[in-house]
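Examination of the molecular architecture
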Amino acid sequence: MPLSLSQIADKIGAELRGDPNLIISGLATLEDAGEGDLSYVVSPKFSKQIDTCKASALIAFPGIRCADRHLLILKDPHLGFARAMRLFHKVYPDVEPGIDPMASIADGVTIPAGVAIGPHAVISKGSQIGAGCAIGAGAFIGENSVLGENCRIFPNVTIRENIRIGNNVVIYPNAVIGSDGFGYCWDGNSHFKIPQAGTVVIDDDVEIGAGTTIDRATLGETHIGRGCIIDNMVQIAHNCKIGEYSILCAQAGLAGTSTLERRVTLAGQVGIAGHLRIGENSIIEAQSGVAGDLPPNSIHFGSPSRDFRLAHKIDAILNRLPDYVARIRKLESHFKKEL
């Protein structure tokens, strides 16, 4: 539905500079925007693109130098654009409430009114489904597992037995919650499997990406804290604890019994060794391997990971190694001649 620029400014909390009655019909990137579109520019480094941008209005940072443009000024333009996106687009596709006749619901399971269950979904005995949930085609809910209210379970998700999931949790296709932890002992002849008797507990407002696996605990629980965002293809091993509002990017992996404190960020393909503690507000940069505990507010990079300033200095030196070697050989040749 088209909105005026003043309506958008009010809803996203922006300062309006321009025509309050300008009609915005959609959103687009700086490169793709056309007449009637709203776009955004997050920092001065993108200012050159403004000259060629055809958007009718921009969400922009304070202090932007931009003549003859309709602007919505925000300290965080990216957040402003995200809020504006919600005005024009739904976060998830609509789902019609009801139980598909091809779904399998175990005897004794009560499905609240308004829940949507897709074809070939399986709801096992003893499980509980909260009000407002949507369970996609082919999803599996194991015995005695509990889903809170307003959960969105996308197609082909597997939630195994005895799992506890809070409210407003979103799990994307093909994720597996409660797979066995990787627990084995060598008995002298073969790998002896240790029963994985624990559970997974997922708090409210968590999102779990496609193809991600969260293993059940050997004993006790693997715990995902409130508001965590977990990307696609992430591996969280048995007995790990993920602090609230942490972010785990694609292909990150945690070995067993590691703890991330509150608001830790793991960039893509980060590996965390077992039995470690990563302090709150820490950031681990992409493709790093962490082999020891880290204090709060750490920023680490590399494998093995180091303080990011030292790690990037080392990388800069490594990039110049061929030149250093050539210079050393030249000096060696010179001294040999002198001798």
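A brief look at the structure comes next. Residue positions are given per chain, counted from 1 along the sequence in the order it is written. Where totals are concerned, whole chains, interfaces and linings use all residues; where local detail is concerned, this predicted model gives features only for residues with pLDDT of at least 70, and gives and counts side-chain atom pairs only at 80 or more. Side-chain measures here rest on the full set of heavy atoms in the structure, leaving out hydrogens and waters.

So, the pattern of salt bridges
Here, a salt bridge means any side-chain nitrogen of Lys or Arg that lies within 4 Å of a carboxyl oxygen of Asp or Glu. For the structure shown, the criterion picks out 13 salt bridges. Residue Asp 94 pairs with Lys 90 through a salt bridge whose shortest N-O separation is 2.3 Å. Across the pair, Lys 90 and Asp 94 agree in class, each one exposed. The partner of Glu 161 in a salt bridge is Arg 160, and the shortest N-O contact between them spans 2.8 Å. Accessible area is worked out with a 1.4 Å probe on protein chains only. A residue is then buried under 20% of its type maximum, exposed over 50%, and partly exposed in between. A relative accessible area of 26% means that Glu 161 is categorised as partly exposed. Among the residues examined, Arg 160 registers a relative accessible area of 25% and is labelled partly exposed. In this structure, a network of salt bridges that share partners links the residues Arg 160, Glu 161, Asp 180, Lys 193 and Arg 216.

Describing the sheet that holds strand β32 (residues 259-260)
We call two strands paired when DSSP finds no fewer than two bridges between them. Where helices and strands are cited, they refer to DSSP runs of H or I of at least four residues and of E of at least two residues respectively, numbered from the N terminus. Spatially, eight strands are ordered β12-β15-β18-β23-β26-β29-β32-β35 in an open sheet, and the strand pairing comes out parallel. Unpaired on one side and paired on the other, β12 (128-129) and β35 (277-278) mark the two borders of the sheet. Relative to strand β18 (residues 164-165), strand β15 (residues 146-147) runs parallel, the two sharing two bridges. Bridging from a neighbouring strand, Val 146 pairs with Arg 164 of β18.

Quick look at the nonpolar core
Residues Ile 135, Leu 147, Ile 159, Ile 171 and Leu 266 are the most contacted members of the largest nonpolar core, which totals 50 residues. Note on terminology: a nonpolar core comprises buried Ala, Val, Leu, Ile, Met, Phe, Trp, Tyr and Cys residues joined through side-chain atoms within 4.5 Å. Of all hydrophobic cores here, the second largest spans 17 residues; its members include Leu 5, Leu 22, Ala 57 and Phe 81.

Observations concerning unusual backbone geometry
For the bond from Ser 303 to Pro 304, the omega torsion is 0°, close enough to zero to count as cis. Locating Pro 304 in the fold gives a position in the loop between β38 (299-301) and β39 (306-307). For Tyr 245, which is not glycine, the phi dihedral falls at a positive 65°. Along the chain, Tyr 245 turns up in the loop between β29 (241-242) and β30 (247-248). Accessibility expressed as a relative area gives 37% for Tyr 245, which makes it partly exposed. A positive phi is found at Asn 281, a non-glycine position, where the angle reads about 65°.

Looking at helix α4 (residues 308-319)
The span one expects for a helix is its residue count, reduced by one, times 1.5 Å. Spanning twelve residues, α4 covers 16 Å between terminal C-alpha atoms, matching the ideal 16 Å at 1.5 Å per step. Pairs of N or O atoms are called polar contacts if they sit within 3.5 Å, as long as, within protein, a hydrogen donor faces a hydrogen acceptor (for residues adjacent in sequence, only side-chain-to-side-chain pairs). With a side-chain oxygen lying 3.1 Å from the backbone nitrogen of Arg 309, the N-terminal cap of α4 falls on Asp 307.

Some thoughts on the pairing of strand β7 (residues 70-73)
Residues in a regular strand project their side chains so that they alternate between the two faces of the sheet. Inspection of the sheet shows strand β2 (residues 15-17) paired to β7 by three bridges, in the antiparallel sense. Note on β7: the bridge partner recorded for Leu 16 is Leu 72. For strand β6 (residues 57-60) and β7, the ladder comprises four bridges, and the chain directions are parallel. Directly across from Leu 58, in β7, lies its bridge partner Leu 71.

Regarding the layout of surface pockets
One water molecule sets the probe size; rolling that probe over the atoms shows where empty space is left. Only protein atoms enter the 1 Å grid, on which a cavity is a set of points fitting a 1.4 Å probe that cannot get out and a pocket is an open set with protein on both sides within 12 Å along at least 5 of 7 lines, lining residues being those with an atom within 4 Å of a point. Grid points are joined across faces, edges and corners, and a volume is the space filled by probe spheres set on the points. Approximately 160 Å³ is the volume found for the largest pocket. Lining the largest pocket we find Ala 82, Arg 83, Met 85, Arg 86, His 89, Lys 90 and Val 91. Just so you know the grouping, Ala, Val, Leu, Ile, Met, Phe, Trp, Tyr, Cys and Pro go in nonpolar, Asp, Glu, Lys and Arg go in charged, and all remaining residues, Gly too, go in polar. Residues of the lining of the largest pocket, tallied by class, amount to three nonpolar, one polar and three charged.

A word on the pairing of strand β5 (residues 37-41)
Of all the five residues making up β5, four are buried; the element is thus mostly covered by neighbouring parts of the structure. Direction of pairing for strand β4 (residues 26-27) relative to β5: parallel, over a ladder of two bridges. Bridge pairing in β5 links Leu 27 to Leu 38. The sheet contact formed by β5 and β6 spans four bridges and is parallel. Each residue of the ladder has a partner; that of Val 41, found in β6, is Ala 60.

Quick notes on the state of the cysteines
Our working definition of a disulfide is a cysteine sulfur pair at a distance within 2.5 Å. Scanning the model with the defined rule gives zero disulfides in all. Not part of a disulfide, Cys 151 finds its nearest cysteine sulfur in Cys 133, a span of 4.4 Å.

Some points on the sheet that holds strand β24 (residues 207-208)
Taken in spatial order, the twelve strands make up an open sheet running β8-β10-β13-β16-β19-β24-β27-β30-β33-β36-β38-β39, and their pairing is mixed. In the strand order of this sheet, the two ends are held by β8 (98-99) and β39, each with one partner. Bridge analysis of strand β16 (residues 152-153) against strand β19 (residues 170-171) gives two bridges, and the strand direction is parallel. Each residue of the ladder has a partner; that of Ile 153, found in β19, is Ile 171.

Let's talk about the environment of Ile 50
Position of Ile 50 relative to the elements: it lies in helix α2 (residues 47-50). As a C-alpha pair, Ile 50 and Glu 31 span 19 residues in sequence and 9.1 Å in three-dimensional space.

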